[in-house]
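# Survey of secondary and tertiary structure
Here are the chains, one letter per residue:
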Amino acid sequence: MLIRKAPDVRYSEVTPKSFYVRRREFIAAAAAAAVGAAAAFSPAGTGRARAQGARAKLPNVRKGPFGTDEKLNSFADISGYNNYYEFGADKDDPARNAHRLVTRPWTIRVDGLVKSPASYDIDSFIKPHPLEERIYRLRCVEAWSMVIPWVGFPLADVIKRLDPLPSARFVEFTTLNDAKQMPGVRVPVLDWPYVEGLRIDEAMHPLAILAVGLYGEVLPNQNGSPIRLVVPWKYGFKSIKSIVRIRFTDQQPRTAWNVANAREYGFYSNVNPTVDHPRWSQATERRLGEFFRRKTLMFNGYGDQVASLYSGMDLRKYY
Amino acid sequence: MTRFAVFRRVVFAAALTPAAALVYWTFTGDFTANPIDFITDTTGTTALTLLVFTLTVTPLRRVTGRNELIRLRRMLGLFAFFYACLHMLTWVVLDWFFDVASMAADVVDRPFITLGMTTFLLLVPLALTSTAGMIRRLGRRWQQLHRLVYVAGVTAVIHSWWVVKADFRQPRLWALALCVLFGFRAWWALQSRSGSTRTRPAFQNS
C-alpha cells in the first residue's frame, strides 16, 4: 500500500501540531462563550453557533450543471438540522458534537477490484479535480427536504482516475468509525461502520458527486467533512458522509440501513412517491422553510436524467 | 398553605413548562429548521411522560403510604390529555392543514398513526368524566371506565416505538416503566385475591 501525497507544501511551512491543536480548543472555547447565554433557551442555538465556528472559503469554484432556481435553504438550517447518527440520533446532535471530528490529516483507502489499491491523503485525492457548485434538492427518507448548494466534483471523474477492473459492478463507501471522535458509535443503533454503495453505472452518472464544500466554503464537519457522497435522486441516507474507504466489488454492498431493516430501506432507495415507507407515506414532503407539504417528485425531480438507469426494473421490488 | 399544597402547585407549574416553552420559542422564532416536527415531538413526548406519571401515582402512593398523592392523579391525567390535544392539533393544523382525505388515509394506512389516534380517543371519555359530579354519578362504573387508561398507556408507548427509525432507547425506557408499573398492580391484585380480606385502599377515593 502506498501513500500518494503531492509534495507541494514544504515541511517548514507546516504548522506545528501544538499550535493547531490549541487553536481548535481556542475556537471551541470562543464559540461556546460567544453563544452560551443566547443559545441557552433555544433548541437549535448551540448547534447553529458551533456550525459557524471555523468557516473557510474554497478557491476557484465554478458553476456546475443541473442547477435549480428554487430557494436555497440557509447555511444555518443545512448545518444545524440533519442526520449523522455517528454524532447522535437527534437532528441537532451532529452540529453539537461534530466539532470533535478531526478532518486533517485524513486518509482514503481505495481497494477491492481496482488496478492499483492505494491509500490517498485527502488533499492529494481532491487536488486533480476542479471544484464546481452543484445546487441539488435533498429528500430525506423521513419526508423532509432542502435545497443545498454543494461544492464538489463528479464521482465519475474519480472512478475513472482510480481505474477499477472490468469485473467491478458496485462501489462501496465506508464512513469513519471512531468512538473517540464520534460519540454516537458507542451506541449500537446501526451496525457500525456506516456503509453505503452504488451500482457502477449509478456511480458514473454525471449527477453523482463527491462534495467537499457547502455555500462556497469548506464542508462543515456535521455535513460529512472532509468528503462525502451526494446522489440527489436517492434518499439522503445514501449520500454517505466522511468517507475513509472506497471499495470496488462484484457483490452488492451490504449497506448500513439495509442491514438494520431491509424491509424499510432497500439498496436502491431511489426517491419514489409511489412506494411508501412501510410506516409512512412518501407521496409528499415538507420542504424546510415552507408551511404546506409539497408533492414528492419521482427520482426527486431528476427523472429525465436518471430514469434510464432503471428501465425494465420493478421499482416496487427494488425499492 | 400546607406543604402538600405547595408541592401540588410546583407540579402544576412543572407540567405547564413545556407549553410555556413552546409559546416562548414561537416569539423568539428559534424553533429548529423543522418547527412542525419539533412541536409534534415536544407535545407528544410531554403527553406520554405525563400519562406514565399519572399511572405512577397509585403505586407510589401504596409504596410510600402517602395517601395525599392521590390528589395529583387527576391533575396529571388532565395535563396528559391537554398535551395530547396539542399533539393532535399540531397534526391536524400544522402538519396537514385540515387535509381530511390525507389524514384519514394516514389513520387507516399507518399503524403508528392508527395507534396515536386510538390513544387520543381513549383519553377523551376519561377527561370528560373527570369531574367530581361525573365520578359521583357513575359510581362503580367510573372505576371500570377509567381502567381504559392502562390501554391508553400501552397504545401510547407502542405509538412512540413505531415512530422511531433506529434509536429505540427512549421507547424501550417507556415500555420498561409500564412493565414495572403494571407489575406492581398485578402483584397487588394477586395478593388481594389470595386470601387478604383488606380491600384495596388505592381505589376507594379520588
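Please refer to the structure higher up on the page.
Residues numbered from 1 in each chain as written. Chains lettered and ligands numbered in written order. Predicted model: local features only at pLDDT ≥ 70, side-chain atom pairs only at ≥ 80, totals over all residues. Heavy atoms only, no water.

Turning our attention to the overall build of chain A. Each helix and strand counted, chain A has nine helices and 14 strands in total. Split into buried and exposed, the 319 residues of chain A put 56% on the buried side. Counting only contacts in chain A whose residues sit at least 6 apart along the sequence, the fraction spanning at least 24 positions is 71%. Roughly 14,300 Å² of accessible area belongs to chain A as shown, and the carbon and sulfur atoms make up 56% of that amount. (Helix = DSSP H or I, 4+ residues; strand = E, 2+ residues; numbered from the N terminus. Buried < 20%, exposed > 50% of the residue type's maximum accessible area, 1.4 Å probe, protein only. Contact = heavy atoms within 4.5 Å. Areas by Shrake-Rupley, 256 points an atom, 1.4 Å probe, with all protein chains shown as cover.)

With that settled, the discussion passes to the nonpolar core. Taken as a class, soluble globular proteins show a tendency for nonpolar side chains to be buried jointly. Residue and element names in this part refer to chain A. In this structure, F125, I227, W233 and F248 are the most contacted members of the largest nonpolar core, which totals 84 residues. Looking at which element gives the most residues to this core, the answer is strand β6 (residues 144-154), with six residues. The residues contacting F125, other than those within four sequence positions of it, are I108, V110, Y120, V158, R161, L162, L210, I227 and I246. (Core = buried A, V, L, I, M, F, W, Y, C linked by side-chain atoms within 4.5 Å.)

With that out of the way, let us pick up the pattern of salt bridges. Residue and element names in this part refer to chain A. Inspection of the entire model under this criterion finds 30 salt bridges over all chains. The closest approach of N and O atoms between K160 and D157, which form a salt bridge, is 3.9 Å. In this pair, K160 and D157 both sit in helix α6 (residues 155-162), three residues apart, roughly one turn of the helix. The exposure class assigned to K160 is exposed, which follows from its relative accessible area of 55%. (Salt bridge = Lys/Arg side-chain N within 4 Å of Asp/Glu carboxyl O.)

A separate point is the packing of aromatic side chains. In the structure shown here, the tally under the stated rule is 29 aromatic pairs over all chains. The interplanar angle of 80° and the centroid separation of 5.8 Å between the aromatic rings of F291(A) and F97(B) together place this pair among those described as edge-to-face. Residue F291(A) is located in the loop between β13 (284-287) and β14 (294-295), and its partner F97(B) is located in the loop between α3 (73-95) and α4 (100-109); the two belong to separate chains. Using a relative accessible area of 31% as the deciding quantity, one classes F291(A) as partly exposed. Since its relative accessible area comes to 40%, F97(B) is described here as partly exposed. Members of the aromatic cluster, connected to one another through ring pairs, are F170(A), F267(A), Y268(A), F299(A), Y310(A) and Y318(A). (Phe/Tyr/Trp six-rings, centres within 6.5 Å; stacked < 30°, edge-to-face > 60°.)

Residues and elements named next belong to chain A. Examined against the element boundaries, E172 turns out to sit in strand β7 (residues 170-175). For E172, a relative accessible area of 9% corresponds to the buried category. Discounting chain neighbours no more than four positions away, the residues touching E172 are V195, E196, G197, R245, I246, R247 and P253.

Time to look at empty space enclosed by the protein. Residue and element names in this part refer to chain A. Here the structure, examined in full by the defined rule, presents two cavities of 30 Å³ or more. Each pocket or cavity is described by its volume, and for the largest cavity that value is around 330 Å³. In terms of lining, the largest cavity is formed by 26 residues, of which the most central are N83, Y84, G236, F237 and K241. The element best represented in the lining of the largest cavity is β6, accounting for four residues. For the lining of the largest cavity, the class distribution of residues is 16 nonpolar, six polar and four charged. (1 Å grid on protein atoms, 1.4 Å probe; cavity = no way out; pocket = protein on both sides within 12 Å on 5 of 7 lines; lining within 4 Å. Points joined across faces, edges and corners; volume = space filled by probe spheres on them. Nonpolar A, V, L, I, M, F, W, Y, C, P; charged D, E, K, R; others polar.)

With that out of the way, let us pick up unusual backbone geometry. Residues and elements named next belong to chain A. Note that the residue after R104, namely P105, is joined by a cis bond; omega there is -5°. Positive phi, normally seen in glycine, also occurs at A143, with a value near 75°. Tracing the sequence through the fold places A143 in the loop between β5 (132-139) and β6. Of note, N300 is a non-glycine position whose phi angle comes to about 55°, a positive value. By the element assignment, N300 lies in the loop between β14 and α9 (303-306).

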